[in-house]
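# Close look at the chain arrangement
Chain residues, written in single-letter form:
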Amino acid sequence: MSETEDVPQSQSTSAASRPAPRRRKRAAASSDESSDDDDTPLATSPAKPKKTKSAAVPMPGAKAATTVSAKSVNGNGRAAAKAKAKAKVKAEPKSDPESEDEDEDDSTPAPNRKRKPVAASSKKAPPSKKVKRESDDDDSDDDAPLAATTPKKAPAKRASKKVKAESDADEDEKPVKKKRATKKAKDESPSDVKPKKGRSKSATAKDELAEGEADEVYKWWEAQQANSGDGEEKWQTLEHNGVIFPPPYESLPSNVKMKYKGKEVVLTPEAEEVAGFYGAMLETDHAQDATFNKNFFTDFLKVLADYPPRNGVRHGAKKEIKKQKDALEEKYTSCVLDGRKEKVGNFRVEPPGLFRGRGDHPKKGALKLRVRPEDITINIGAGVPTPVPNMPGQWKQVVHDKTVTWLANWVENVNGNYKYVFLAAGSLLKGQSDMAKFEKARELKKHVDRIRSDYTADLKSKVMADRQRATAMYFIDRVALRAGNEKGEDEADTVGCCSLRCEHVTLEAPNFIIFDFLGKDSIRYYNRVTVDQQVFKNIRLFKDNKDDSDNLFDRVNTSLLNKHLASYMKGLTAKVFRTYNASITFQQQLDEGTPEMATVQEKLNAYNHANRMVAILCNHQRSAPKTHEQSMEKMRERLRGFKYDWMKLRHVLFAMDPKYKKKKGFAEDESDIDDDFVAQHEDSLKAKEIEKAEKKFAKENEKLVEEGSTAQKDSVLKERVDSIKDEFKRLAKERGTKKASLKRDRPPEKLEEAVQKLGEKIKTFKLQMDDREAGKEVALGTSKINYLDPRITAAWCKTHEVPIEKIFSKTLLTKFPWAMEADDDWKF
DNA sequence: ATGGGGACTTAGGAGGCACCCC
DNA sequence: GGGGTGCCTCCTAAGTCCCCAT
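Let us look at the structure shown here. It should be emphasised that the depicted structure is a prediction, and the values quoted were computed from it without experimental measurement.

Quick look at the pattern of salt bridges now. Tallied over the full model, the rule gives 32 salt bridges. Where lysine 325 meets glutamate 329, a salt bridge forms, and the shortest distance between an N and an O atom there is 3.9 Å. Highlighted residues: lysine 325 and glutamate 329, both in helix H7 (residues 322-329), separated by 4 residues, approximately one helical turn. In this structure lysine 325 comes out as partly exposed when scored by relative accessible area, which is 38%. For arginine 442, the salt bridge goes to glutamate 439, with nearest N and O atoms at 3.1 Å. With arginine 442 and glutamate 439 both in helix H8 (residues 428-458) and 3 residues apart, the pair spans about one turn of that helix. Given a relative accessible area of 3%, arginine 442 falls into the buried group. Within the structure, one salt-bridge network assembled from shared partners comprises Glu439, Arg442, Asp789 and Arg791.

The subject of this paragraph is the nonpolar core. Residues Ile376, Phe475, Leu500, Ile513 and Phe515 are the most contacted members of the largest nonpolar core, which totals 103 residues. For this core, the element with the highest residue contribution is H8, accounting for 9 residues. Three or more residues apiece are contributed to this core by two domains, here domain 1 (57-71 + 98-145 + 435-579) and domain 2 (168-246 + 321-424). Once residues lying within four places of it in the same chain are set aside, the contact partners of phenylalanine 475 are Ala480, Leu481, Cys497, Leu500, Ile513, Phe515, Val535, Ile539 and Phe553.

Summarising the sheet, strand S8 (residues 377-379) and strand S10 (residues 408-411) pair through 2 bridges and their orientation is antiparallel. Bridging across to S10, threonine 377 finds its partner in asparagine 409. The pairing of S10 with strand S11 (residues 418-421) spans 4 bridges and is antiparallel. Pairing of valine 411 across the sheet is with tyrosine 418, part of S11.

Turning next to the sheet that holds strand S1 (residues 238-239). Within the open sheet, the 3 strands sit side by side as S1-S4-S5. Their pairing is antiparallel. The outermost strands of the open sheet, each flanked by one partner alone, are S1 and strand S5 (340-343). Note: S1 against strand S4 (residues 334-337), 2 bridges, orientation antiparallel. Looking at S4, one finds that glutamate 239 is bridged to valine 336.

Thresholds applied
Position labels on residues start from 1 in each chain and follow its written sequence. All chains are assigned letters beginning with A, and all ligands numbers beginning with 1, in the order in which they are written. Under the rules for a predicted model, residues below a pLDDT of 70 receive no local features and side-chain atom pairs below 80 are neither given nor counted, while totals for whole chains, interfaces and linings still include all residues. Heavy atoms throughout the structure, all of them, feed into the side-chain values; hydrogens and water do not. Any Lys or Arg side-chain nitrogen located within 4 Å of an Asp or Glu carboxyl oxygen qualifies as a salt bridge. Only runs of H or I of at least four residues qualify as helices and only runs of E of at least two qualify as strands under DSSP, and these elements are numbered from the N terminus. Relative accessibility thresholds used throughout: buried, under 20% of the residue-type maximum; exposed, over 50%; partly exposed, between the two (1.4 Å probe, protein chains only). Grouping buried Ala, Val, Leu, Ile, Met, Phe, Trp, Tyr and Cys residues that are joined through side-chain atoms within 4.5 Å yields what is termed a nonpolar core. The domain boundaries here were taken from an automatic or database domain assignment. Contacts are assigned to residue pairs with any non-hydrogen atoms lying within 4.5 Å of each other. In this analysis, strands are considered paired if DSSP registers two or more bridges between them.

Without other data, these values stay purely geometric and don't point to any function.
This is the structure in structure tokens:
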């Protein structure tokens, strides 16, 4: 609902026909108007697009508030507005000369962000809940992304483009699509591409397979070649078994029926399956969602039309044992690529279901159809057996395209997107490209200073396009925004840097910018940052005379931006900045934050802290675990319990010898342990002990009876309970006296030791709590998997003697074999 | 330039499972 | 030893970016 109120104003053209277009399609960076106003950075926005959903900005506060910019007339008369803008811009640079150059400031470090609450629409917690994350923000010295460290090591020895022809082999089957294959050049001998070292022989595929099966690890990263370019051949031989289709639908038992308006309806298996999809989601938010329901019922009715309800139902077999399933799947789990056995990633064809689009995706709830062999294209080596589908039917096509890495693909029916079957993350192909990604990011170290000084200069460029580009680069570099491609009408309305609209950015004098928009996966990005004075001015300029729904950067798009970046360094794109800034920040945080003499747990905390800084920088969120608050409360309770014990022990010591009060650390008071708490705590301890005594008593009796003796009398229990009660009476008397005694005496040394130990325990426990609280809405995994060069972790673990298994799960270890051998002094 | 096709990486949530604490 | 519970794996959606045709 909501949503619908689009604001049709402003778009001269288009309009009507389409129902509520949500945003413009293109950034209209065209030169059209007085373009190239070489010396007039104009804030003109060409062809006014349609509207945007006004509801998009979740945070009312941030949105409306504080718009410092000179808003003024928002133009209807485009031309007039334009002229005005023009005049204005011309003047602008001079209008406030003071701040024109000065600030070289370097502010806005990356990882500091005050997170704000979350948007209604986005899944995340409601406003008040979002806690500001960790370190506060604002300039700090730790502006990681900015500090370029010196390259430590020569980067990437990437092989020169090595392209080959598809090799004659392909004649037979259908031709491979045009695409990049066009790039390939003439052939070289296969051995050119194959890694040399680490291979004993140039064996045939079969031979090497044997090797692979012997579980020998092939250390491709020790070999010469660096495979990575596009259009290059990715393999020479490839054998696999295709994909496995999900089992057919099995009907419910005949006594299970759907009711419609109180009457039982006997569905066909086809319809029942679809009804089941929905039934499975009744308890989820999806079923409450209007779009979801609309789409689902539209599709469901279609199914019902094709398969009208009838009488009589059959039901099939039972659930399969996992073992059976495994056996069935076994052959699909691996393939043989260039003679080596490799794991296949997603060999299971996606089963039919309801499309679960994220955020407010217009197609959520639509029926995702069952995929059949006729939908699937298989990519496989020429001359090896073509797999046979495990369901009736023929593959759509079989190709032998060596320039790509997928084994199978199909086009999904809801959005028309391609789906691919790739090798698993631990495979050579994926590993190589992963390593290449990080080497690329490290290469950026050599260029980043120049790039930064260039865009800093360009922030003042007279050419609007350049000034916008520089500003966009500033955001990408400093706050790690994504590139921000244009999106279509039938997708959720989310943005990135280049697709930001005016409504997503608010100025706050003197030099703050507040970002508030929905990014990838409709995750809210909220960030208030200090920026260069010039950036502040630029944004004011770019917003001038535009509507909220207009693109902030009307002269920039990702393609232009990346083209520019590539002029600095081959393969440099916006996304490399995220990898670079993430990894370099991480390295710095670790270097600065790892304690030398510390427990493993403390080091792990330092690691997690660094990890978290990166996750915050990249805005990797998760929804706080549902049980979070509850479990925090439990921890707090436990902590107070520890503190109570600790206090008691100390008081015993104090009673023995007052000199202990002076002992280092012993004098501390427990501010959150007041008499109320003590009373309550002792009550609950008492209750527990009594319960324990009762249980023990019952058990003893049980045993006695079993052995043929008579049970103890109840008076025995009573005695015990009374003794417990007495003990707690004594404790109650001790309250507030700062003195205590024990049932059993212990020598002071022992007590001292115990106090010490408990103190330690409390310390670590507190650390754990802080860690958990700070991390409740931050997803660490995403950066660990995708952005942090694993060699940083490997080296750190060696240096600080932390077992890497404490940090990398099994799958991550499998994914990063190539990083494990990094020396302990390796730096990103 | 623009727009769409295509391939590949990055992303959060669901659900399973080991583990931990009572 | 039984049930939370927190982490890991799986799943697949949603990005980025390149290429090509128009």
